[in-house]
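Close look at the chain arrangement
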Amino acid sequence: MQVFMEVVNVIIVSVVSLVTMFITTRLGGKRQISQMSIFDYANSITVGSIAAEMATNLESWYRPFTALLVYGLAAWLVHYSACKSLRARVLLDGRALLLMHDGVIRKSELKRAAIDINEFLAQARVAGYHDLNDLQSAMLETNGQISFLPKSSARPATAQDVEAKTEKFSLWYDLVLDGELIHSNLRQSGFNETWLTNQLHAQGISRIRDAFYAACDQYGRFYASPQE
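From a predicted model like this one, the values you see are computed outputs, not experimental measurements.

Calculation criteria
- Residues numbered from 1 in each chain as written.
- Predicted model: local features only at pLDDT ≥ 70, side-chain atom pairs only at ≥ 80, totals over all residues.
- Heavy atoms only, no water.
- Phe/Tyr/Trp six-rings, centres within 6.5 Å; stacked < 30°, edge-to-face > 60°.
- Helix = DSSP H or I, 4+ residues; strand = E, 2+ residues; numbered from the N terminus.
- Buried < 20%, exposed > 50% of the residue type's maximum accessible area, 1.4 Å probe, protein only.
- Arc of directions from axis to C-beta.
- Polar contact = N/O pair within 3.5 Å; in protein donor to acceptor, adjacent residues only side chain to side chain.
- Core = buried A, V, L, I, M, F, W, Y, C linked by side-chain atoms within 4.5 Å.
- Contact = heavy atoms within 4.5 Å.
- Pairing = 2+ DSSP bridges.
- Axes fitted to C-alpha atoms, helices over the stretch in contact; angles between N-to-C directions.

Now for the packing of aromatic side chains. By the definition in use, this model includes 5 aromatic pairs. Relative to F222, the ring of W195 lies with its centre 5.7 Å away and its plane at 90°, an arrangement referred to as edge-to-face. With a gap of 27 residues between them, W195 in helix α8 (residues 193-202) and F222 in strand β8 (residues 222-226) connect regions that are remote in the sequence. Taken individually, W195 and F222 each receive the classification buried, so the pair is uniform in this respect.

Dropping the structure here:
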């Protein structure tokens, strides 16, 4: 009878730990493993370990249960801060790094990202670029993946390319994120705040803070999305 009760208790506590783990992991958002930051990845592993401890430690189950709640709250606070504050987002996720620009690999940025040239070349081959002459730029995203921008002569042909001269590609600059102007990107794009305001007005957005997202390239191509 005692063994049966212990088994029942393990089942009950296991179900509670699974439900708690599900809730705490959902508080961290719906990103996949490949999209997780270092904090997300470490937090998910820790939450799983604590949930397993809770399911087997019947005498002091409340201790891992409390730890699960703390980790879940921490994950929610981190993602809430990242969504509401650009500074918090940069602090938690870091910035994207430009590893290649105008076909030249930037050794200093590779060193800063702790990526050796062999790993960079492997990532390029996985993306389908065996000849680096085909690449214009390469960007290390905040989730650890490298995105590649091909030269206009190497990109796949589209219907618009038929009997049409291809245009040189340009990096796009994030100008506005959640209503906040990114001054450094605006300077790098070669445009000023007056130009940005005029572009937003043309899209029906009266103020910078009314834009949820805005971006442009060096040739003046522009995209903007208003706040909901």
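Next, the rest of the story.
A few words on α8. Listed in full, the buried residues belonging to α8 are W195, L196 and L200. Viewed along the axis of α8, the buried residues span an arc of 135°, placing them on a single side of the element. Summarising the geometry of α8, the exposed residues directed more than 90 degrees from the buried face are T194 and A202. By the N-cap criterion, in which a side-chain oxygen at the helix start approaches the backbone nitrogen of a residue two or three places on, α8 is capped by N192, the distance to T194 being 3.2 Å.

Before going further, it helps to spend a moment on unusual backbone geometry. A positive phi is found at D102, a non-glycine position, where the angle reads about 55°. Assignment of secondary structure puts D102 in the loop between β1 (97-101) and β2 (104-105).

Next up on the list: the nonpolar core. Core analysis: the biggest nonpolar cluster contains 15 residues, and L175, V176, L196, L200 and F222 have the highest contact counts within it. Among the secondary structure elements, those contributing two or more residues to this core are β5 (173-177), α8, β7 (211-216) and β8. With sequence-adjacent residues up to four places away left out, L196 is seen in contact with L175, V176, L181, I208 and F222. Counting 14 residues, the second largest nonpolar core, distinct from the first, contains L97, M100, A124 and Y129.

Pairing between β5 and β7: 4 bridges, direction antiparallel. In the sheet register, V176 faces β7, and the bridge partner there is A214. Pairing analysis gives 5 bridges linking β7 to β8, with the strands arranged antiparallel. Opposite Y213, over in β8, you have S225 as the bridge partner. Counted along the chain from β7 to the antiparallel partner β8, the turn is 5 residues long, and its residue G220 has a positive phi close to 90°.

Attention shifts here to the sheet that holds β8. Through backbone hydrogen bonds, the strands of a sheet pair up, either in parallel or in antiparallel fashion. Strand order in this open sheet of 4 strands is β6-β5-β7-β8, and the pairing throughout is antiparallel. The open sheet is flanked by β6 (180-181) and β8, the only strands paired with a single partner. Packed on one face of the sheet, α8 meets β5, β6, β7 and β8 and runs near 65° to β8.

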